[in-house]
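Structural overview
Chain residues, written in single-letter form:
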Amino acid sequence: MSAIPTPTHDAHGHDAHGHGEHGHGDHGKYPFLRHHFDTPAQQFDSAKLGMWVFLATEILFFGALFAMYAILRFKHPEVFEYASHYLDTIMGGINTCVLILSSLTMAMAVYFAQRSKKGPLVFCLFLTLLGAVGFLVIKYFEYTHKFHENLVWGASFYKPVDEEERVIVTTPHQAPATLAEQSTAPDLSPGAASAALVKLPAADASVVKKAALGPGGLAPASGSPEQEAEVKAEEATEKALPHLLDPKMPVNTHQFFAIYYCMTGLHGIHVVIGMGMILWLMWGAMRGRYDGNYYTPVDLGGLYWHIVDLIWIFLFPLFYLIH
Amino acid sequence: MPPAAAAEDNYLTHGRGILSWALTLDHKRIGVMYMVAVLISFLVGGVFALLVRTKLLFPGEVSWMTKDQYNQAFTLHGAIMVFLVIIPSIPAALGNFVLPIMLGAKDVAFPRLNLASFYLWLVGAGCAVWALLAGGFDTGWTFYTPYSSTTAYQGVIPVLTGVFILGFSSIFTGMNFVVTIHKLRPPGMGWFRMPLFLWALYATALIQVLATPVLAITLGLLAIERVFHVGIFDPAMGGDPVLFQHFFWFYSHPAVYIMILPAMGIISDIIAVHSHRHIFGYRFIAFSSVAIAIFSFLVWGHHMFTSGQSGLMNVVFSAITFSVAIPSAIKVWNWLATLYRGSISLNTTMLYGLAFIFLFTIGGLTGLHLGTLNTDIHLHDTYFVVAHFHYVMMGSALIAMIGGLHHWWPKMTGRMFNETWGRIGCLLVFVGFNVTFLTQFMLGSHGMPRRYYLYQPEFQIYHHISTGGSYIMALGFVITGIYLLHSLFWGKKAPANPWGGKSLEWQCSSPPPHDNFATTPTVGDPYDFSDLKWDPATGGYATAPADGAKTSRGGH
C-alpha cells in the first residue's frame, strides 16, 4: 500500500491561480481544492467517506430486496427450486465472469490514475465500459428469451397479455391479420409486453388469479362458468405457454419471476448508471483531469462499480444455482 | 477579511437577487430556504388538521365534507406533516444552518449535494401537488397493502414517487452531516467538545442514511405491485401483505427517531444556555442519542402486535421497545439536573424547552402503555395512539423545532423578536396542545377508533373539547407567525450573543458572515458559561478575556 501516492504528496508544477480571496496557500496550489476544505487530503477523505456512506445506503436499498427474497423463498421453497431451472446458468455464468473482469479493469484504472498514466487509464476505463455493455447485451438476450416463453411476473405468467379484444380496444388501427398472428404465436417485445400490462385492469387480474392456480392442478374446484372460462383460457394459451403444461409446476411459480425481475432489474439500472459514470470519467480522463494529485472521481467511481459487481455476485447463485 | 467589513457583509447581503439564492451553495441560505419551505408546508398540513377537527365536532355526516374528502384530508395531513415537515424540519432547516457554524467549519462537506437535497425536496412537494391533481389518495400516510395497491384513487403513484424522492433528499442531508462531522472538525474540536445538538444530528444522520433506502425500495415495490400486479404483497397470489408492514415500519419507526433525536439535541442546548448552567451528564446525553439510534432499528415490530405476528416476536419487540425508555429517561433526568440551581431565564425559547420536557414525558410514558402487549390489544388503532404520537411528533419534535427557531432566530435574521408576544404565543400553543390531545387519550381508552368519520354521540363532548383546543393552538401559531414576521422588519438589531451561549455560532456576528468566521474561532467547552458577562451596551453577552486553549483553524 505504501507505494500508492496519497493526494497530500507534493503537487509538482501546478500553476497558482484563483481562490486568492481565501488566502490559503493550498487553495492556490491545488486548483481542485474547494474553498471549505483546508487540505487536499481532507477533501479526498471526505469524498471517500461520503462514498462509503452512499454505498451503505445502496446495500440497504438492495438489502430490503434480499430480505424479501429470503422470506419468499422460505414461504415457497419448492417454487424457487423448480423455477430456477428456467434460468440459463451458462449465460448467467458468463455475465458473472464479465463483471468480475470489468471490476479488475476498473481497479487497474484507479491504479493508473494514481500514477498519472493517462493512456492506460482511458484504455482501462474503456475496457470496463465494454464489460458493462457486454453484461447488458447478455442480460437483454436472457430477458427477451424469458418474454418469448412468457416467463414473466404476476398474473401474466399464466396468460399472454395480448388478449385479442384488448388489443382491438387499444389499437383499433391494427390489421386483423396481425392480431390473429399475435394471439396464436405471441411474439412480444419487452416494451410491448409491459405496455400491455399497464393497460390490464385490476378487475381482469382477479379473474386471471383464479386461472393462475389452475395449471398446477392444485387449485380447489371453482364454479362451473368460471371453470369453463378457465379451460377456454388454457386452450387458447396452451401452445403459447409450454411451461403451463408441466404438471410438476408448483403453485405460485410467478413469485420467483417477480423477485427475479425486481432484483436483476434494479441491478441492471445500476449498471446503466455505472455506464454513464464511466463515460463521464473517460471524458474527464481524456481531457487530463486526473493525475496523482487528484484522482478522487476515478477512485469513487471504482468503489461504485465494485459494489455493483458485488451485488451481482450474490444475485447469481441465489437465482441461477438453486438445486 | 477585516473585522469591520465582516460586520457589514453577512450571508444575507453576500450576493443579491433571486439567482444568488436559487444557486447558492451556502449552507446558511439553504437552511433558510428549507425553513421557509417547511413552515409553508406546516401551514398547509395544519389547515388539513383543522378541517379534520372541525368535521369531528359532529358525530354524523356533515354537508360540507364527505366521507371521501375526510379520508383524503387526514391522509394529506399525515403525509405532509411527516414527510414534508417534521422529517426535514430540524436536520435540513435548523441543522443545515447551525451545524457547520457550531463545528467551526466553513460549510458542509458537499455543498452541491446539499442544494440538490433542497431541490429534491421541492420536487417531492411538487409530487404531492401532482397527487392531488391526479385525484388524491386516501390510504393514510402508511400506504398499507392491499388497500393501497387496489384503491381506485389515482394519486397513489404520484405520492409514492414524491415520498421516494423526499427520501433521497433526506439521505443526501444525512450523508452530508455524517461526513461533515467526521472530517470537517477543526483542530481542537474533539468529539466531546461538540455541542449536544451535533451529537443528536449525527445520530439522526446515521438513521437517515441507513433506514431511508429501505423505505425507498418498499415504496418502489408497492408501485410495481400496483402497476404490474406482481403479487408480492397479495395473499391470493402467494404474497404477504404483512411483509409490506414490516418493510414500511423498518423505515418508519426509525423515522420517528429522525424526528425526535434532533429535537432532543436542541433541547439539550436550550436548557443549558437559558439556565446558564453547564449541562449535566454530557457524555450520558451524547451516548444516549447513539443508543436511541441503535434501538430505533430493533423495535419496528411493535406496530404489528395485532397483525398476526408470532407471539415470540411480539414479546421480543415489546421488550426492546421498553428498553428505549432508558436512554430517553437518561436525557430527561439530565435536563432536570441541569435546571436544578440554574439561573433560569424564562424567555420564550426556554418556555418552549420546558414545554418540551413536559410533553415529551407524557408522550414517552404513554408509549409504554402501547408497548405493553395486552394493553395494546385494547388501545391499538384508537385515539390513544393518535394522542401518543402527537405528543411525541408534535408536542416534542415540532415544539423543539419552534423553540430552536426562536433560539437561533437572532442568529439567522439578525433581529430580536418581541418577548411578550412570544411568551403569549408559547402559552397558547402549550395549553391548546394539551386540551386537544389529553382529551384524545380519554377518547381512545373509551374505545373511539382512529380515522373514523362517524362516531357514537356519547363521544361528542370529548371531540368538542379537542377541537376547541386545536383552535387555541392555531391561534398561538398565528400569533407566533405574526410577531416573527414583524421582527424581520421592525425588530431590534440582534447582538452576536443575545442568550449567553458558548458554542461557536455565538462567536460570529448576527447574522453570520458568508464564510462563517471572520476571525479564527476559539474552541472550548461549549457549556462553560463562567467567563461570559452581560454587556448592557450591546444587549448581549461578551466573553471576558479568554484563557482557554487558543487554537487556530487550518494550521497555517
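Residues numbered from 1 in each chain as written. Chains lettered and ligands numbered in written order. Predicted model: local features only at pLDDT ≥ 70, side-chain atom pairs only at ≥ 80, totals over all residues.

**Notes on helix H17 (residues 460-490) of chain B**
Residue and element names in this part refer to chain B. With 31 residues, H17 extends 45 Å from end C-alpha to end C-alpha; this agrees with the ideal 45 Å at 1.5 Å per step. Taken together, the buried positions of H17 are occupied by Tyr 462, His 463, Ser 466, Gly 469, Ser 470, Met 473, Gly 476, Thr 480, Leu 484 and Ser 487. Where H17 is buried, its residues contact helix H3 (27-55), helix H15 (383-413) and helix H16 (419-445). (Helix = DSSP H or I, 4+ residues; strand = E, 2+ residues; numbered from the N terminus. Expected span 1.5 Å × (residues − 1). Buried ≥ 20, exposed ≤ 12 C-beta atoms within 10 Å, placed from the backbone. Contact = placed C-beta atoms within 7 Å.)

**Quick word on the nonpolar core**
Within the largest apolar cluster, 233 residues are counted, with the highest numbers of intra-cluster contacts made by Phe 257 of chain A together with Val 178, Leu 198, Tyr 202, Met 259, Ala 263 and Ala 397 of chain B. Once residues lying within four places of it in the same chain are set aside, the contact partners of Ala 397 of chain B are Ile 86, Met 259, Ile 260, Ala 263 and Val 392 of chain B. (Core = buried A, V, L, I, M, F, W, Y, C linked by C-beta atoms within 7 Å.)

**Description of the environment of Asp 107 of chain B**
The residue Asp 107 of chain B is located in the loop between helix H4 (67-103) and helix H5 (111-133) in this model. With 24 C-beta atoms packed within 10 Å, Asp 107 of chain B lands in the buried category. Excluding residues that lie within four positions of it along the chain, Asp 107 of chain B makes contacts with His 36 of chain A together with His 27 and Pro 100 of chain B.

**Some thoughts on the interface of chain B and chain A**
With 36 residues of chain B at the contact, the number on the chain A side is 37 residues. Counting only elements with at least two residues in the side of chain B that touches chain A, the list comes to helix H7 (156-183), helix H8 (196-228) and helix H9 (241-274) of chain B. With eleven residues, H8 of chain B is the largest single contributor of residues to the side of chain B that touches chain A. Split by residue class, the side of chain B that touches chain A holds 23 nonpolar, nine polar and four charged. (Nonpolar A, V, L, I, M, F, W, Y, C, P; charged D, E, K, R; others polar.)

**Remarks on unusual backbone geometry**
Each neighbour pair has its own omega, and for Thr 145 of chain B with Pro 146 of chain B the value is 0°, a cis peptide bond. Along the chain, Pro 146 of chain B falls in the loop between H5 and helix H6 (147-150). With an omega dihedral of -10°, the bond running from Ser 510 of chain B to Pro 511 of chain B counts as a cis peptide bond. Relative to the assigned elements, Pro 511 of chain B resides in the loop between H17 and strand S1 (532-535). Positioned with a positive phi, Asn 252 of chain A is a non-glycine residue whose angle comes to about 65°. Its place among the elements puts Asn 252 of chain A in the loop between helix H10 (224-237) and helix H11 (254-286). A count of 23 C-beta atoms within 10 Å places Asn 252 of chain A in the buried class. A positive phi angle is found at His 276 of chain B, which is not glycine, with a value near 50°. Following the sequence through the fold, His 276 of chain B ends up in the loop between H9 and helix H10 (282-296).

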